Amino acid sequence: MAVIRLKIKKEAIMQVVCAIVIALIPILFSYKQIFSISPTYILLILLLPYVALKLISKKRFVFKHQGILFLYLFYMLIDHGITLGEVVVLFLFLIYAFATHNRIFNAEILWKVIVTISCIATIGVLIQAFFYYGLGKQILMCPTGVMEPDVWEQYGVDSSYRAGGHEMFRPAAFFLEPSIYAQYVVLAIMYLRLSETRTKKDLILAIFLSIGIIASTSGIGIATIVAVWLLSYGKVLFNSKNFLKGFVGVLFFIVVLLIAFNVSEIFRESALRIVGLGEHSDYNAIAGRTGGVVFMWNSLSGSELWLGTGEYISKWYTWGFLGTFFRIIYEYGLIGVSLFTLLFLSPAFFLKSWQRWMAFYIIVLSLVSGISIQSTVFYYILIYCDLREIV
């Protein structure tokens, strides 16, 4: 019995370690490389023996729904040639995706870790907001000293604390900038509001995290949480047994939004910035995140349009900001972006669980934001880590 308990304890510890490593993927990508290797990949490589042993112990494997991923990674390998480092990265993607489909990772533990990190970050954002609006002091929590300079400089960490160069403070805790913080925390809110098992504690946590996103002034974040909250009440609304509850929920949420818009200058300015109508800034978030598309598109011709140029755009703002969707067009062409879209469009349509909404979210996010290959692995794992439908 003691031996069994010891094995169970070791397994639980390893699952927590796996959850922490996976949850940190979209955070560690910006940290300084060790021997020219990203900390993200170092941790994933260190976990490989455990993942391999768990896979070997399986009596049968699940291959369902992995064809598009294989095609996408294979196309990236053969399209324009590839370096040894890129081969390793794509191999890690394939292994961790395969492990996810075969339920190697504990989804409940993983989501608890993500919610915990989101809460810690939100506490940081609220502390920054309190010090700025209450005491007139700015606190920088982003540890740029241990980050790759070319990463945090292109994201403009210093300038991210201003809205369009004006005097609107934009806290992001230990994330590079407000939108990256919001993109991470939104996932936790989705889990808390859209997953099948929801409690009053989940509701409180979701409200707390939503306040943090509003305080960060991220336009993408605010637009997304509005959609998530309306969707959560909309699901109840279309349930005939809980129609009244859903209707009251939607109505209450709309009233809260209107009050917040009229009372809170931070919320009003953040919302108006999305369409360039801010009172303190003429910055247009939509135009700012799509402005480079025309210049990029006009630079492509002939086979480049279908196969891409093979050139990695090292700066997000080469022609103006380019979301991942358009960066893939430039590097891998329309064929590459079609496979990327199918990678997430497929689960968005065939899944019946709440993760389908996360898949839709990632597709939309790719149009207006940068999603690294590390974050793509992260999102893929989250979509498939707890699905009975894949068996």
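Here we take up the overall build of the chain. A tally of helices and strands in the chain yields 18 helices and zero strands. Looking at the chain residue by residue over its 391 residues, the buried ones come to 50%. Look at the contacts in the chain between residues 6 or more apart in sequence, and 70% of them connect residues 24 or more apart. Split by element, the accessible area of the chain, about 18,900 Å² in all, is 70% carbon and sulfur.

All right, on to unusual backbone geometry then. Even without a glycine there, the phi angle at Ala173 is positive, about 55 degrees. With a phi close to 70 degrees, Thr217 is a non-glycine residue in the positive phi region.

Below, the discussion takes up a nonpolar patch on the surface. Together, Ile45, Phe70, Leu71, Phe74, Leu77, Ile78, Leu84, Val87, Val88 and Leu94 line one region of the surface with nonpolar side chains, adding up to about 860 Å² of accessible area. Where the nonpolar patch is concerned, the elements lending two or more residues are α4 (67-78) and α5 (84-101). Sort the elements by how many residues they give to the nonpolar patch and α4 lands first, with five residues. Exposure remark for Val87: the relative accessible area of 35% places this residue in the partly exposed category.

A few words on the packing of aromatic side chains. Using the criterion set out here, one finds 25 aromatic pairs in the structure. Consider the rings of Phe325 and Phe326, whose centres lie 5.3 Å apart with planes at 75 degrees: the pair is edge-to-face. Assessed through its relative accessible area of 15%, Phe326 is described here as buried. Looking at Arg193, its charged tip hangs above the ring of Tyr233, at a distance of 5.3 Å from the centre. Stacked on the ring of Trp357, the Lys or Arg Arg356 has its end atom at 5.6 Å from the ring centre.

On to α4. With twelve residues, α4 should cover 16 Å at 1.5 Å per step; its first-to-last C-alpha distance of 17 Å lies within 8% of that length. Buried residues in α4 make contact with α5, α15 (303-307), α16 (324-350) and α18 (373-384).

For helix α6 (residues 107-135), built from 29 residues, the straight-helix expectation of 42 Å at 1.5 Å per residue is met to within 8% by its first-to-last C-alpha distance of 41 Å. N-cap assignment for α6: the residue whose side-chain oxygen lies 3.0 Å from the backbone N of Glu108 is Asn106. At the C-terminal side of α6, Gly136 shows a positive phi close to 70 degrees.

The angle between the axes and the distance between the axes are what describe a pair of packed helices. In the contact formed by helix α8 (residues 178-194) and helix α9 (residues 200-216), the axes pass within 9 Å of each other and the chain directions differ by 160 degrees. With respect to each other, α8 and α9 are oriented roughly antiparallel. As for the relative orientation of α8 and α9, their crossing is left-handed in sense. Within the contact between the two elements, α8 uses Pro178, Tyr181, Ala182, Val185, Val186, Ala188, Ile189, Leu192 and Arg193 and α9 uses Asp202, Leu203, Leu205, Ala206, Leu209, Ser210, Gly212, Ile213 and Ser216.

In this section: the pattern of salt bridges. Applying the stated criterion to the full structure yields two salt bridges. Note that Glu11 is salt-bridged to Lys54, the shortest N-O span being 3.2 Å. In this pair, Glu11 is assigned in helix α1 (residues 2-23) and Lys54 in helix α3 (residues 39-56), connecting sequence segments 43 residues apart. Glu11 sits in the partly exposed class, given a relative accessible area of 27%. A salt bridge links Lys112 to Glu108; the nearest nitrogen and oxygen atoms lie 3.5 Å apart.

Calculation notes
Starting from 1, residues in each chain are numbered consecutively following that chain's sequence as written. With the structure being a predicted model, the display of local features is reserved for residues of pLDDT at least 70 and the display and counting of side-chain atom pairs for 80 or more, all residues being used for whole-chain, interface and lining totals. To get the side-chain values, all heavy atoms of the structure are used, and hydrogens and water are removed first. Helix and strand definitions follow DSSP, with helices as H or I runs of at least four residues and strands as E runs of at least two, each counted in order from the N terminus. Relative accessibility under 20% of the residue-type maximum defines a buried residue, over 50% an exposed one, and the middle range a partly exposed one, all with a 1.4 Å probe and only protein chains included. What makes two residues a contact is simply this: any of their non-hydrogen atoms within 4.5 Å. What sets the accessible areas is the Shrake-Rupley method with a 1.4 Å probe; for residues, cover comes only from the shown protein chains. Exposure above 30% relative accessible area and no salt bridge define the residues that can form patches, which grow by joining like charges within 9 Å and nonpolar side chains of Val, Leu, Ile, Met, Phe, Trp and Tyr within 5 Å. Any carboxyl oxygen of Asp or Glu within 4 Å of a side-chain nitrogen of Lys or Arg constitutes a salt bridge here. Put simply, two rings from Phe, Tyr or Trp (the six-membered ring, in Trp's case) pair if the centres are within 6.5 Å, and we call them stacked under 30 degrees between planes, edge-to-face over 60, tilted for the rest. We call a charge positioned above a ring when the Lys NZ or Arg CZ atom is no farther than 6 Å from the ring centre and deviates by at most 35 degrees from the ring normal. What a helix is expected to span follows from its residue count: subtract one and scale by 1.5 Å. Any N or O atom pair separated by 3.5 Å or less is treated as a polar contact, with the protein-specific requirement of one donor-capable and one acceptor-capable atom, and with residues adjacent in sequence counted only for side-chain atom pairs. Axes, fitted as lines to C-alpha atoms, cover a helix only where it is in contact. Angles between the N-to-C directions of the axes lie from 0 to 180 degrees. The cut-offs work like this: below 35 degrees is roughly parallel, past 145 is roughly antiparallel, 65 to 115 is roughly perpendicular, and the gaps in between are oblique. Two helices cross in a left-handed way if the nearer one is turned anticlockwise from the farther one by less than a right angle. They cross in a right-handed way if the turn is clockwise.

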